[in-house]
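# Commentary on secondary and tertiary structure
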Amino acid sequence: MQERGINSTFKKIIYESSEMVFLADDTFPYSIFYGNESFESQIGESLEERNLVGLGLDINAYIFKEELILTLGNKDYSFRLELPQESGSNYFLFYKGKEQKTHGLPGRKEIHQFFKSGLDLIAIGQHDFLTYTNSAVKPILGYDPSELLNTSLCPFIHEQDLELVRDLWRTKGNKDQLGFFKARFKGKDESYRYLECSVQFTEEHFYLIGRDKTDQFESEQKVKHQSQIQTKANRLSKSGTWYLDSIGVHWDESAMAILPKDKSELSSIEFGLKSKLQEIPEGKESFQESLPNSTLELRGELINSISGNKQWIGVVIDTSERKELEDSVQLVKNLLKESPDALMVVHPDGKVFLCNDEARRLLGVESGQRFQHLIELNVIFEETDQWKDWINITGFELGSKRFSTLLINGNGKQLTLEIASKTFHDNGNDLVLLSFKNITEKVTLEKTLEANSDFLMNLTEQVPGGLYQLLLDENGKMSFSFLSKGISSVLGLSAQDIENFEDISVAISRVHPMDLPNVIMSSVASAKKQEPWQCQFRVKNEAEPTGYRWVLGAARPQTLENGDMVWYGYLTDISQQKEFETKLDEARKTAEKASQIKSDFLSMISHELRTPLNAISGSVYSLLQENPNEIQKNTLNTINFAVDNLIIMINDLLDFQKIEAGKLTIEKAPFNLKGLVEQVMKGLSFHARDSKNDMQLHLGDGLDLTVKGDKTRISQILNNLITNALKFTHDGHVDVSLQLKESSQNKVKVYFEVKDTGIGIAPENREKIFQDFDQVKPTFSTKYGGTGLGLSITRRLLSLMGGSIQLDSEVGKGSKFYFELEFDLATEKINHHSEFNGYSKDFSKLHLLMAEDNDVNALVLGKIIKKWGYTFERVGDGAQAVEAVKSNTYDCILMDIQMPVMDGFEATSEIKKISNTPVIALTAAAKLEIMEKINEIGFDGFVAKPIDAAELLKKIKEVIKEGQSS
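Everything quoted here is computed from the prediction, not taken from an experiment.

### Section: the sheet that holds strand β25 (residues 565-573)
In space, the five strands of this open sheet follow the order β22-β21-β25-β24-β23, with antiparallel pairing throughout. Each edge of the open sheet carries a strand with a single partner, namely β22 (478-483) and β23 (533-540). Along the sheet, successive strands turn relative to each other by an average axial angle of 30°, direction set aside. The pairing of β23 with strand β24 (residues 548-559) spans eight bridges and is antiparallel. By the bridge assignment, Trp 533 is partnered in β24 with Ala 555. Contacts between helix α17 (residues 516-529) and the sheet are confined to β23, β24 and β25, with β23 contributing the most and set at about 155° to the helix.

### Considerations on the side chain of Asp 161
Inspection of the secondary structure assignment puts Asp 161 in helix α6 (residues 159-172). Residue classification places Asp 161 among the buried positions, given a relative accessible area of 12%. If we ignore the near neighbours within four places in the chain, the residues touching Asp 161 are Ala 183 and Arg 184.

### Structural notes on the packing of aromatic side chains
The full count for this structure, using the stated rule, is 19 aromatic pairs. Between Trp 169 and Phe 181, the aromatic rings sit 6.4 Å apart at their centres with planes inclined by 70°, giving edge-to-face as the arrangement. A residue pair is termed long-range when its members are at least 10 positions apart, and Trp 169 in helix α6 and Phe 181 in strand β8 (residues 178-186) qualify at 12 residues. Here Trp 169 matches Phe 181 in class, with each residue buried. Joined through ring pairs, the aromatic side chains of Phe 22, Phe 39, Phe 79 and Phe 94 make up one cluster.

### So, the UniProt feature "modified residue: 4-aspartylphosphate" (unreviewed entry) in the chain
The UniProt entry lists Asp 896 under the feature "modified residue: 4-aspartylphosphate" (unreviewed entry), expressed in the numbering used here. When you line up the elements, Asp 896 lands in strand β35 (residues 892-896). With relative accessibility at 5%, the residue Asp 896 sits in the buried group. Filtering out sequence-adjacent residues up to four positions away, Asp 896 remains in contact with Ala 851, Glu 852, Asp 853, Gly 904, Leu 922, Thr 923 and Lys 945.

### Brief notes about the environment of Leu 922
Of note, Leu 922 is situated in strand β36 (residues 919-923). Separated by 23 residues in the primary sequence, Leu 922 and Lys 945 place their C-alpha atoms 6.7 Å from one another. Setting aside residues no more than four positions away along its own chain, Leu 922 makes contact with Leu 861, Leu 894, Met 895, Asp 896, Ile 897, Val 943, Lys 945, Ile 947 and Leu 952.

### Section: the pattern of salt bridges
Throughout the structure, instances matching the rule amount to 29 salt bridges. A salt bridge links Arg 361 to Glu 358; its shortest N-O distance comes to 2.4 Å. One end of the pair is Arg 361 and the other is Glu 358, both in helix α11 (residues 357-363) and three residues apart, which spans about a single turn. Arg 361 sits in the exposed class, given a relative accessible area of 56%. Given a relative accessible area of 23%, Glu 358 falls into the partly exposed group. Among the charged side chains, a network of salt bridges with common partners joins Glu 163, Asp 167 and Arg 170.

### Some words on the UniProt feature "domain: PAS" (unreviewed entry) in the chain
Here, the residues flagged by UniProt with the feature "domain: PAS" (unreviewed entry) are residues 130-167 and 328-366. In this annotation, residues 130-167 is assigned 47% helix and 11% strand; the end-to-end C-alpha distance for the span is 18 Å.

### Some remarks on α6
Under the 1.5 Å per step criterion, the end-to-end length of α6 is 21 Å for 14 residues, consistent within 8% with the ideal 20 Å. Along α6, the positions that sit buried rather than exposed are Asp 161, Leu 162, Val 165, Leu 168 and Trp 169. Projected down its long axis, α6 shows its buried positions confined to an angular sector of 130°, all on one face. Away from its buried face by more than 90 degrees, α6 exposes Gln 160 and Arg 170. Of the surrounding secondary structure, the elements contacted by the buried residues of α6 are β8, β9 (192-201) and β10 (206-212). At the exit of α6 stands Asn 174, carrying a positive phi of roughly 65°.

### Section: empty space enclosed by the protein
Where empty space is left becomes clear once a probe the size of a water molecule has been rolled over the atoms. If you walk through the whole model with that rule in mind, you get one cavity of 30 Å³ or more. Looking at the largest cavity, its volume works out to about 130 Å³. Every residue lining the largest cavity is listed: Leu 121, Ala 123, Leu 130, Thr 133, Val 137, Leu 141, Leu 148, Leu 153, Phe 156, Phe 185, Leu 195 and Leu 208. Partitioned by chemical class, the residues of the lining of the largest cavity number 11 nonpolar, one polar and no charged.

### Focus: the packing of helix α22 (residues 711-727) against helix α24 (residues 790-800)
The contact between α22 and α24 brings their axes to 10 Å, and the two run at 145°. The handedness of the crossing between α22 and α24 is left-handed. Only Gly 790, Leu 791, Ile 793, Thr 794, Leu 797 and Leu 798 of α24 make contact with α22, whose side of the interface consists of Arg 713, Gln 716, Ile 717, Asn 720, Leu 721 and Asn 724. Residue classes in the contact of α22 with α24 are distributed as six nonpolar, five polar and one charged.

Cut-offs and rules
Residues numbered from 1 in each chain as written. Predicted model: local features only at pLDDT ≥ 70, side-chain atom pairs only at ≥ 80, totals over all residues. Heavy atoms only, no water. Pairing = 2+ DSSP bridges. Helix = DSSP H or I, 4+ residues; strand = E, 2+ residues; numbered from the N terminus. Axes fitted to C-alpha atoms, helices over the stretch in contact; angles between N-to-C directions. Contact = heavy atoms within 4.5 Å. Buried < 20%, exposed > 50% of the residue type's maximum accessible area, 1.4 Å probe, protein only. Phe/Tyr/Trp six-rings, centres within 6.5 Å; stacked < 30°, edge-to-face > 60°. UniProt positions renumbered as here; feature names shortened; annotations may be inferred. Salt bridge = Lys/Arg side-chain N within 4 Å of Asp/Glu carboxyl O. Expected span 1.5 Å × (residues − 1). Arc of directions from axis to C-beta. 1 Å grid on protein atoms, 1.4 Å probe; cavity = no way out; pocket = protein on both sides within 12 Å on 5 of 7 lines; lining within 4 Å. Points joined across faces, edges and corners; volume = space filled by probe spheres on them. Nonpolar A, V, L, I, M, F, W, Y, C, P; charged D, E, K, R; others polar. Left-handed = near helix turned anticlockwise from the far one by under 90°.

Right under this line is the structure:
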């Protein structure tokens, strides 16, 4: 009773609610079988058909939306939508219904009528394809709207405007942005119309409004053409036009060509022009004025503008040709006046004809002071008698004269002047040109150079080591022409020895006998090639415990004009440096020894782990071939998965060792990119199921192609990234995406991405995870396993391939690893080794020789071989293998590397001398030297332990086929 009362109350509340509520069937035509009082009064009573189809609603369009809009009459109503949630429910629930208040905005019919009757072209589309155009497209371009549906904009745009439009789409498309452009659109009659367009972009659509501006455009083109004619005429006459409005002065293109380019100068001209126009008295309607310090002339006239107001217009004219003559005359006058040198022109009697500003400044004569005769300068010269004698020379004898004297200027500062005179004739008059040059700095500099010379000499004597100059004359004699005092300390000579130290033979006699050939040969080579000389050698020095001191000698040769050659060089003591180098060499040897110990340790670890793993892997393979039940099969797959993880860890150690040694190379062989990625995903599908993750592959278009690259390393990179994503994600999603970024005739660039919804990585740990043997936290190795090398190796492999890995991550939300790689497109076909020279081997019966000293490994491998239906013989060491080949015939030999008596290397070398039987190396060793030696000895193939039975079978067939084809 209580429950029924509650339901009754809820029904009453819903029915009387002011918000509309109704229910509809979940099958077509979605009949409405219930509506509350508000729904019935506003919508239900007006419906002719009580179903969603009658309302014009497609329910499928709102499956993933929580809100929808219903339109009835001129009104819009919004509803919340709830889909069937329970298996027993079969209806849609529409609730919280209310009328949309448009606040005066037009309804959908009015909007549709506006679109239909508008004069502007209105279009809607996705990307660059049209999904709607209004009827204005007919009078503007001549097309019916239906003709343009689902067509691209590009074919209708003039080719000269197309790139502009494409740039707009690239920069603003798929974004909530507004753009504008002008372009020519081709009409149905093949003519072009000029449209001015605005485009509103959204994430999925664009909304375009275009206005026909063709008439305006053609009119503007005509005006532009007339303007070009006028501009060319103005340029020929070196003139241009201007006008003044409320904004300022406006110049045409021709005027700008002759006006100053400097903005400040142009602004000054405009300011002066406006000031001039303001000063023109009322009633005067024209003016003419030359610009100061310029060849430009301005002319103006007051006219009535279009608005009826008075407006000044005019021309600017370049009068340079007219003023050239005037300027040349003025130039001569200014040369003397504005010269940076102090100049005077005087008459032969000493009367001053001209004195420039620099001379007045230098001599202390004020600009307003009268200066008539040279005699007035007597008081400023210290050597007054010398000045008087000089100016009293009758007529200033013809020719040039100069002398120096001391001057006390107006500031009381003493200057040294060099005075020069030159007599010349001008229109029958004799004049004398005087120049006054302040050489105070020159005199000071000469004194400074003298002081510097003393400083350099002192420097050569005090610098550590010694400087020398060695001369080789035309007779072949070598001698020292200069030796600094430091040479004595380097060579252990006394000051008296240095004074007599000229002959090169004395220096050579002090060189260590073992170093003498190197010193002589390098010196001869320097002389022949005219190249700098440098050499390290030992010289006698009784102060050293060994009796010798290490010296570094260096010099640069130079050929003199007389043919002699001179070396400028130095000698310095490097005994301490040599001692340091000795210690450094010992440290290097210690490091190399440590590296060798590390290599041996990794090899031992790899061998010791692979040997038992080989037995486990082989046994699991044999059991899987015996048709186990589903539970047994899952258990065996789990064991296989654990073995694979251990193998990955071992391989990571091997790859890390190769990278550290710089011996890992990237191959470039053809492979199918799509097939490789799908193969990697298939191999990790069990891991995904085991970790309860949804793993999806997203391949973009155009990726089913054959490229050149290192298939193995790319698989390793993807395996590392996807395995990590699965490892750190539980009951989540792992998405692997590939996109073709760029494509050319010979190359492609591909974007790779591995994204998960796992635990994420904090910003402070993002660089740490790419370090060797490092993880986010020490506890991660316990919880998640791993060596901490996967991402380090991935980064290094990508670097070798020319790529770089990037990471975006957020703690608790997941991580995204991504990178780009460029591949060469492969022209040759992939060789699947299906046939050789038209011959295919029958592999139903093969007889093999197994050389294996480990009984467990031999037992497991024997079971695998028997499963294949092949026969085999087993020997326990390399010597027995050689004897077996001598007495029997085998299709293929499976050779272990590490065996007693004779190892696999020696045995294979002996077998190759007597037989062409293909030999496959089987080894658990990971040492780089061993891997390289396998290739050197001539093995036909190699399979690492633990042995993958399928890989071994494939390798056996390959080497047998290759042997038969060769």
